[in-house]
Amino acid sequence: MVIGAAGQIGRAAVGALARDGWEVTAVSRGGGRDGNWPDEVRVTAADRADDTALGAAVGDGCDVLVDMVAYGPEQARQLAGLAGRVGSAVVISSVSVYEDDKGRNFDTQAEPDGFPEYPVPVPEDQRTVRPGESSYSTRKAGLERELLALGDQLPATLLRAGAIHGPYCRSPRELYFVKRNLDGRRRRVLAYGGGSRFHPASVHNIAELIRLAAAHPGARVLNAVDPEAPTVAEIAGAIDAVMGVETENVLVDGPPPAPTVGDTPWSTPVPVVCDMSAAERELGYRPVVTYAQSLPETVAWIEARLAGRDWREAYPKMFETYGDLFDYAAEDAWLV
């Protein structure tokens, strides 16, 4: 059973599991079907937040429950209540749970000297934030703690995903360069010398990890990222190549020179790069796609969604998270 099957990871995971021979039930609020799924996939509508609806969807039980939607400790307790009917679980978490040895993390980045300095690459035994209700990161940490405490009662694999990319994303970071190219912007300002690295994670590679974890249950935490962590300048160049344009990078040493100039959704003064050796060792994982290989379908999806629409209408979550990503007047004023 895949909860959140209509989301960007869910769509890929359902397909990967079905092609691997699993009898898959795809659960989403609308109960819709993806056109790329095999006909044998069953679909059902259920609200993840409704205990009764979720219990009814599980019914007499399932061998593996894959959860894209679980967010905090209450969802972990919800899954714990299904333990007698579920053989094992695979649940999506986030690399944002990590903090450095000084207690700095994603939540402290707005503070003076708040940027974390993670080891490169970050292993799964790196310390994490204290569970709590204050942020996305602390709630994900609470989810992890409660699920791992279940042990053999409900073996759960927690997948710490990086900067997720692929079709159907509600907040695609790639939008930043795709829209600029569509708007004819042929110069771009990149802070930190264009060297920022925030490890991306393709929905197809995450789906492969889900497929492998489903066949090899265990109580564990694994990173879930692509085989490479390109710099923001390399990401921009790869998107240019897909779109057939040439763009000049204006590199700035240090932070963005103005509030809305040079700051991309990947921009960070320190690298966030994760170690995938545990997944390779424990699951025999091998990535199924590179970042560059995955880009054409991502770019095509973004272009289609932007067609005839204001970007804030097409991607309201991006505007809510990042503000005005396309303040061209401020950029032009700085470039002069």
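Note: the structure precedes this text.
Residues numbered from 1 in each chain as written. Predicted model: local features only at pLDDT ≥ 70, side-chain atom pairs only at ≥ 80, totals over all residues. Heavy atoms only, no water.

### Considering the nonpolar core
Keep this limit in mind: Remark: nonpolar core denotes a set of buried residues (Ala, Val, Leu, Ile, Met, Phe, Trp, Tyr, Cys) joined through side-chain atoms within 4.5 Å. In this scheme, a residue with accessible area under 20% of its type's maximum is buried, one over 50% is exposed, and one in between is partly exposed, where area comes from a 1.4 Å probe on protein chains only. A run of H or I in DSSP counts as a helix once it spans at least four residues, and a run of E counts as a strand once it spans at least two, with each numbered from the N terminus. Should any heavy atoms of two residues lie within 4.5 Å, those residues are considered in contact.
With 70 residues, the main nonpolar core has Phe177, Ile206 and Ile210 as its most contacted residues. Among the elements that line this core, the one with the most residues is helix 6 (residues 203-215), at eight residues. Apart from the residues within four sequence positions on either side, Phe177 is in contact with Arg188, Leu190, Val232, Ile235, Ala236, Ile239, Thr264 and Trp266.

### Some thoughts on the side chain of Ser93
As a reminder, the rule being used: As used in this structure description, the phrase polar contact means that two N or O atoms lie within 3.5 Å; if the pair is within protein, one of them must be able to donate a hydrogen and the other to accept it, and residues adjacent in sequence are counted only when both atoms belong to side chains.
Mapped onto the fold, Ser93 is located in strand 5 (residues 86-94). Looking at Ser93, its side chain comes within polar contact range of the side chain of Glu144, at 2.6 Å. Not counting chain neighbours up to four residues away, the residues in contact with Ser93 comprise Lys140, Glu144, Leu158, Leu159, Arg160 and Ala161.

### Comments concerning the sheet that holds strand 6 (residues 156-161)
Paired through backbone hydrogen bonds, the strands of a sheet run either parallel or antiparallel to each other. Under the convention used in this document: DSSP bridges decide pairing: two strands pair if at least two such bridges lie between them. Here the axes come from fitting lines to C-alpha atoms, over the contacting stretch only for helices, and the angles between their N-to-C directions go from 0 to 180 degrees.
Spatially, the seven strands line up as an open sheet ordered 3-2-1-4-5-6-10, and their pairing is parallel. The outermost strands of the open sheet, each flanked by one partner alone, are strand 3 (42-45) and strand 10 (220-224). In terms of strand pairing, strand 1 (residues 2-3) meets strand 4 (residues 62-67) through two bridges, oriented parallel. Each residue of the ladder has a partner; that of Val2, found in strand 4, is Val66. Its contacts with the sheet put helix 4 (residues 136-148) on strand 5, strand 6 and strand 10, and the angle it makes with strand 5 is roughly 160°.

### A short note on helix 4
We count it as follows: Here, expected helix span is obtained from the residue count minus one, scaled by 1.5 Å.
If you check helix 4, its first and last C-alpha atoms are 18 Å apart, about what 13 residues at 1.5 Å a residue would give, namely 18 Å. Those residues of helix 4 lying buried are Ser137, Thr138, Arg139, Lys140, Ala141, Gly142, Leu143, Glu144 and Leu147. Buried-residue contacts for helix 4 involve helix 3 (73-80), strand 5, strand 6 and strand 10.

### A word on the environment of Gly254
Following the sequence through the fold, Gly254 ends up in the loop between strand 11 (248-251) and helix 8 (277-283). In this structure the C-alpha to C-alpha distance between Gly254 and Pro287, which are 33 residues apart in sequence, comes to 33 Å.

### Here we look at the pairing of strand 5
Short version of the rule: Orient the strands so they point away from the viewer; a crossover is then right-handed if the path from the first strand over the helix to the second runs clockwise.
Summarising burial for strand 5: eight of the nine residues are buried, a large majority. With respect to chirality, the unit in which strand 4 leads through helix 3 into the neighbouring parallel strand 5 is right-handed. Pairing of strand 5 with strand 6, which is carried by six bridges, proceeds in the parallel orientation. When the sheet's bridge partners are listed, Ile92 is paired in strand 6 with Leu159. Where the polypeptide runs from strand 5 across helix 4 and back to strand 6, its parallel neighbour, the crossover connection is right-handed.

### What about the packing of aromatic side chains?
Two descriptors summarise a pair of aromatic rings, namely the distance from one centre to the other and the angle between the planes of the rings. Formally: For this analysis, a ring pair means two rings from Phe, Tyr or Trp (six-membered ring only for Trp) whose centres lie within 6.5 Å, classed as stacked if their planes differ by under 30 degrees, edge-to-face if by over 60, and tilted for the remaining angles.
Under the definition given, this model contains 10 aromatic pairs. An angle of 55° between the planes, with centres 5.7 Å apart, marks the rings of Phe106 and Phe198 as tilted. Placement of the pair is Phe106 in the loop between strand 5 and helix 4 and Phe198 in the loop between strand 8 (187-190) and strand 9 (200-202), with a sequence separation of 92 residues. For Phe106, a relative accessible area of 21% puts it in the partly exposed group. Taking the centre distance of 5.6 Å and the plane angle of 10° together, the rings of Phe177 and Trp266 count as stacked. One end of the pair, Phe177, is in helix 5 (residues 175-182); the other, Trp266, is in the loop between strand 11 and helix 8, with 89 residues separating them in the sequence. Judged on exposure class, the residue Phe177 and its partner Trp266 are both buried. An aromatic cluster of at least three residues, connected via ring pairs, comprises Tyr176, Phe177, Trp266, Trp311, Phe319, Phe326 and Tyr328.

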